[in-house]
Amino acid sequence: MSHKTTHFSSFSGTRPASRRRGRRREAGVAAVEFGLVLPLLLLIVFGMVEFSIALYDKAVITNASREAARAGVMYKVPPLTAAQITTVAQNYASTYLISFGASPSPVSVAVDQSSGTTTGQPLKVTLTYSYSGVGLGTIVSQLVGSVPITAITTMNYE
């Protein structure tokens, strides 16, 4: 009975060529996958930023209508006129709306004092703003139009 003995030679620190090619292929596949996923990730991130700015602008429009209504109903002799209440709302909105240097679209203000300006009567302030987006939102706005943001505040005269 004879036994065959197999001797392994020691590695000299080099890897077989097939292993090196496999790792290079894996790195190439990872780069291609990253290239395919990156646009989707950027779309999601910029979409979140755009949505956040729209929510912030909605809060600004709501606060502007509240500030204007509050200024209008406070006890004052003589009471503020519709033009003065409109100015309060427009100043607040122009100060706090996010526009990144571009001039924001104008805020339309409607003041309803039809019930009078005596104590207990309602004052209704309505603000409307067309949000057209910043960055990604401008592309969407060109396709579907701007998004109207409206805030209505009603307070009683003091």
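Residues numbered from 1 in each chain as written. Predicted model: local features only at pLDDT ≥ 70, side-chain atom pairs only at ≥ 80, totals over all residues. Heavy atoms only, no water.

- Within an unreviewed UniProt entry, the label attached to the chain reads Flp pilus assembly protein TadG, and the organism entered is Paraburkholderia caledonica.

## Things to note about the overall build of the chain
Line of reasoning, step 1. Helix and strand content of the chain: 3 helices and 3 strands.
Line of reasoning, step 2. Contacts in the chain between residues far apart in sequence, at least 24 positions, make up 66% of those at least 6 positions apart.
Line of reasoning, step 3. Summing over all exposed atoms, the chain offers an accessible surface of approximately 11,100 Å²; the carbon and sulfur share of this is 62%. (Helix = DSSP H or I, 4+ residues; strand = E, 2+ residues; numbered from the N terminus. Contact = heavy atoms within 4.5 Å. Areas by Shrake-Rupley, 256 points an atom, 1.4 Å probe, with all protein chains shown as cover.)

## With respect to the packing of aromatic side chains
Line of reasoning, step 1. By the definition in use, this model includes 1 aromatic pair.
Line of reasoning, step 2. Relative to Tyr96, the ring of Tyr92 lies with its centre 4.7 Å away and its plane at 45 degrees, an arrangement referred to as tilted. Note that Tyr92 and Tyr96 are positioned in helix 2 (residues 82–96) at a spacing of 4 residues, about one turn of the helix.
Line of reasoning, step 3. Looking at Tyr92, the relative accessible area reads 21%, which means it is partly exposed. (Phe/Tyr/Trp six-rings, centres within 6.5 Å; stacked < 30°, edge-to-face > 60°. Buried < 20%, exposed > 50% of the residue type's maximum accessible area, 1.4 Å probe, protein only.)

## Let's talk about the UniProt feature "transmembrane region" (unreviewed entry) in the chain
Line of reasoning, step 1. Taken from the UniProt record, the annotation "transmembrane region" (unreviewed entry) applies to residues 29–56.
Line of reasoning, step 2. Between the C-alpha atoms that bound residues 29–56 there is a distance of 41 Å. The span itself is 100% helix and 0% strand. (UniProt positions renumbered as here; feature names shortened; annotations may be inferred.)

## Comments concerning the sheet that holds strand 3 (residues 147–156)
Line of reasoning, step 1. What the 3 strands build is an open sheet, ordered 1-2-3; its pairing is antiparallel. A single partner strand is all that each edge strand has here, and the edge strands are strand 1 (108–112) and strand 3. Neighbour-to-neighbour, the strand axes of this sheet turn through a mean angle of 15 degrees, independent of strand direction.
Line of reasoning, step 2. Docked against the sheet, helix 2 engages strand 1 and strand 2 (122–131), running at close to 140 degrees with respect to strand 1. (Pairing = 2+ DSSP bridges. Axes fitted to C-alpha atoms, helices over the stretch in contact; angles between N-to-C directions.)

## Quick word on the side chain of Asp57
Line of reasoning, step 1. Within the secondary structure, Asp57 sits in helix 1 (residues 17–73).
Line of reasoning, step 2. Side-chain polar atoms of Asp57 contact the backbone nitrogen of Ile98, separated by 3.2 Å.
Line of reasoning, step 3. Those residues within four positions of Asp57 in sequence are excluded, and the remaining contacts are Leu97, Ile98, Tyr129, Tyr131 and Ile149. (Polar contact = N/O pair within 3.5 Å; in protein donor to acceptor, adjacent residues only side chain to side chain.)

## Concerning the nonpolar core
Line of reasoning, step 1. Membership of the largest hydrophobic core comes to 24 residues, with the highest contact counts inside it found for Ile61, Leu97, Val107, Val125, Leu127 and Tyr129.
Line of reasoning, step 2. Contributing elements (two or more residues each) for this core: helix 1, helix 2, strand 2 and strand 3.
Line of reasoning, step 3. The element that contributes the greatest number of residues to this core is helix 1, accounting for 9 residues.
Line of reasoning, step 4. Not counting residues within four places of it along the chain, the set of residues in contact with Val125 comprises Ser65, Ala68, Ala69, Ile85, Val109, Ala110, Ala151, Ile152 and Thr153. (Core = buried A, V, L, I, M, F, W, Y, C linked by side-chain atoms within 4.5 Å.)

## Concerning the side chain of Glu50
Line of reasoning, step 1. Mapped onto the elements, Glu50 comes out in helix 1.
Line of reasoning, step 2. Although Glu50 lies buried, it forms no salt bridge, and the closest oppositely charged side chain, Lys58, sits 17 Å away as judged by the N-O distance.
Line of reasoning, step 3. In this structure, Glu50 is in contact with Tyr131, Gly133, Val134, Gly135, Leu136 and Gly137, ignoring residues within four places of it in sequence. (Lys, Arg positive; Asp, Glu negative; His and termini not counted. Salt bridge = Lys/Arg side-chain N within 4 Å of Asp/Glu carboxyl O.)

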